Structure formats: structure tokens, C-alpha cells
Amino acid sequence: GENVEQHPSTLSVQEGDSAVIKCTYSDSASNYFPWYKQELGKRPQLIIDIRSNVGEKKDQRIAVTLNKTAKHFSLHITETQPEDSAVYFCAALLFTGRRALTFGSGTRLQVQP
Amino acid sequence: GAVVSQHPSRVICKSGTSVKIECRSLDFQATTMFWYRQFPKKSLMLMATSNEGSKATYEQGVEKDKFLINHASLTLSTLTVTSAHPEDSSFYICSARDRAGGLYFGEGSWLTVV
């Protein structure tokens, strides 16, 4: 099955700086890579996703890059704000299958004002 | 957008009793539903996959007799924690998949076993 590793586990940045979170996956068949933001006791919120037919996707201050050859993908948040503080999870999935998302271990991002 | 409702949001039960958590897709038919468990400061760990009208598929290490999953219709799946113990206390969250492959999470349920 799929295995997703995520780094770092914690990340502290100053407001306005950029934050980068990296994930690797094991199953080369996976073709869908979402990123979720989760606040304590709440459901994961999809913030951006990417499919294996593109290498990069951007949505305002958030971007995701994918390297299929190396089987890794990264989340980039620019101009961080205190409200970006949360736990972020990457995940991987074979979209056309009936499998569940496999999540990374999570990164706790703290944006210092 | 697609909405998945999960109930109850919080429940406290006594050791040895059973508790049922419901997951409903409100405006779409969920071909598959997934149940996850999340311990504090940990990731979401898949417990089981539930397909409408068939038996659930459990992940390794998850006791199927303890965590009963029923997916009786295309809009409802239930998770029953039987003979609950304090170590079953956790955040349980469901996810539903629509026919287009979209995945949507319920709000989650905090279970505390005392």
C-alpha cells in the first residue's frame, strides 16, 4: 500500500516569511495529492491539490509542486499570516481507484506575529 | 458544495457500553465511505473502508468485531464502538466519496470513554 512521509513535524516562521512542507510517497501509481489544513478538533480542510499530470499549481499565497520521478511533493505558503497557524497534512491517492487517502504525519505550523 | 454530516460531535460513554456514530452525505450519493481515527497531535489513520451494501474492509490491526461498520444506504454509514474502553477515546472522522471521485469529510466525533 501507499506510504506517505512528511517533514518537518513542526515549523515556526515569522509573519511574512515563507513556509515549505515536504512529502514523499511510495506508490508510483498514486496520481492525486491534496493538502489539508486542520485546526484542533475540526475536520481537515482542503487547501490545494495537484494531479500527476502537472508539476505545479498555485492559488494566491499557496502553491504545490510535484516531482513524479522523485515521488515527492511540497507545499509552499508565501507571506505567511498568523491565521495560517494550524496543522497541515499531505496525502496521496490513486484517484480512479476506491482506496482511501493516505495521510502524512502532519506539520504543525506556527506563524509568529 | 457536497456536505457530509457526522453525528454526534461529542459523546461521553461509560466503559463497557457501545456508542454509534453516524455519517451522512446530505446532497450526494456516497459510493464509498471511509472511517478514520485520530489521536491527539497525530495523523488520521484509516480504520476501514465501507461500500454500500457490502461488508466493510478493515485495515490491519483494527478489530472488526469491536468497530462495527454498517453502510446500509448510499447516504449513511455508521460506526459502532462496542464494549468501549478508555483507550478507544479518540477523534473519529468519516469521509465520503461521490461518483466523480470527490472526497468530503464529516465534522468528526470526539469520543470519551470514562
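Look up: the structure comes first, before these words.
The model shown is predicted, which means the values in this text are computed figures rather than measured ones. (Residues numbered from 1 in each chain as written. Chains lettered and ligands numbered in written order. Predicted model: local features only at pLDDT ≥ 70, side-chain atom pairs only at ≥ 80, totals over all residues. Heavy atoms only, no water.)

### What about the sheet that holds strand 8 (residues 72-77) of chain A?
All names here are of chain A. Taken in spatial order, the five strands make up an open sheet running 1-3-8-7-6, and their pairing is antiparallel. The open sheet terminates on both sides in strands that have one partner only, identified here as strand 1 (4-7) and strand 6 (56-59). Along the sheet, successive strands turn relative to each other by an average axial angle of 15 degrees, direction set aside. (Pairing = 2+ DSSP bridges. Helix = DSSP H or I, 4+ residues; strand = E, 2+ residues; numbered from the N terminus. Axes fitted to C-alpha atoms, helices over the stretch in contact; angles between N-to-C directions.)

### Some words on the interface of chain A and chain B
Chain A puts 20 residues into the contact, and the matching count from chain B is 24 residues. Buried area between chain A and chain B, summed over both chains or domains, comes out near 1600 Å², and the portion from carbon and sulfur atoms is 55%. Considering only the side of chain A, the residues that lose the most area to chain B are R43(A), R98(A) and F103(A), jointly responsible for 35% of the buried surface there. Inspection of the chain A/chain B interface yields one salt bridge. In this structure, E107(B) engages R43(A) in a salt bridge whose closest nitrogen and oxygen atoms are separated by 3.9 Å. Between chain A and chain B we count five residue pairs in polar contact (both at pLDDT 80 or more) in total. Across the side of chain A that touches chain B, the residue classes tally to nine nonpolar, six polar and five charged. (Contact = heavy atoms within 4.5 Å. Buried area = accessible area lost by both parts, 1.4 Å probe. Salt bridge = Lys/Arg side-chain N within 4 Å of Asp/Glu carboxyl O. Polar contact = N/O pair within 3.5 Å; in protein donor to acceptor, adjacent residues only side chain to side chain. Nonpolar A, V, L, I, M, F, W, Y, C, P; charged D, E, K, R; others polar.)

### Some thoughts on the pattern of salt bridges
Residues and elements named next belong to chain B. Using the criterion set out here, one finds six salt bridges over all chains in the structure. Ionic pairing is found between E22 and R24, a salt bridge with its closest N-O pair at 3.5 Å. Assessed through its relative accessible area of 24%, E22 is described here as partly exposed. By relative accessible area, which is 35% here, R24 ends up partly exposed. (Buried < 20%, exposed > 50% of the residue type's maximum accessible area, 1.4 Å probe, protein only.)

### Regarding the environment of K68(A)
Residues and elements named next belong to chain A. By the secondary structure assignment, K68 is in the loop between strand 7 (62-67) and strand 8. Sequence separation between K68 and P44 is 24 residues; the distance between their C-alpha atoms is 25 Å. Not counting chain neighbours up to four residues away, the residues in contact with K68 comprise Y25 and S52. At 3.1 Å, the side chain of K68 and the backbone oxygen of S52 are in polar contact.

### Quick notes on the pairing of strand 9 (residues 90-97) of chain B
Every regular strand shows the same layout, with side chains that alternate between the two sheet faces. Residues and elements named next belong to chain B. Counting buried residues along strand 9, eight of its eight residues qualify, which places the element largely inside the surrounding structure. Burial along strand 9 is two-sided: the face carrying S90, Y92, C94 and A96 and the face carrying F91, I93, S95 and R97 are both buried. Of the pairings in the sheet, the one linking strand 4 (residues 32-38) to strand 9 comprises seven bridges and is antiparallel in character. Each residue of the ladder has a partner; that of R37, found in strand 9, is Y92. Bridging between strand 9 and strand 11 (residues 109-113) involves three bridges; their strand directions are antiparallel. Note that in strand 11 the partner of S90 across the bridge is L111.

### Topic: the sheet that holds strand 3 (residues 19-25) of chain B
All names here are of chain B. Strand order in this open sheet of four strands is 1-3-8-7, and the pairing throughout is antiparallel. Two strands bound the open sheet, and with one partner strand each, they are strand 1 (4-7) and strand 7 (67-73). On average, each strand axis in the sheet is tilted by 15 degrees relative to the strand beside it, whichever way the strands run. Pairing geometry for strand 7 and strand 8 (residues 76-81), over five bridges, is antiparallel. Across the sheet, L68 pairs through a bridge with T80, a residue of strand 8.

### Points about the side chain of D49(A)
Residue and element names in this part refer to chain A. By the element assignment, D49 lies in strand 5 (residues 45-51). On the accessibility criterion, D49 (17% relative accessible area) is buried. A distance of 2.8 Å separates a polar atom in the side chain of D49 from a polar atom in the side chain of Y32. A polar contact is formed between the side chain of D49 and the side chain of K57, at a distance of 2.8 Å. Once you skip the residues sitting within four places of it in the chain, D49 turns out to touch Y32, F33, P34, K57 and V64.

### What about the side chain of T82(B)?
Inspection of the secondary structure assignment puts T82(B) in the loop between strand 8 and strand 9. Apart from residues no more than four positions distant in its own chain, T82(B) is found in contact with T17(B), S18(B), D65(B), K66(B) and L68(B).

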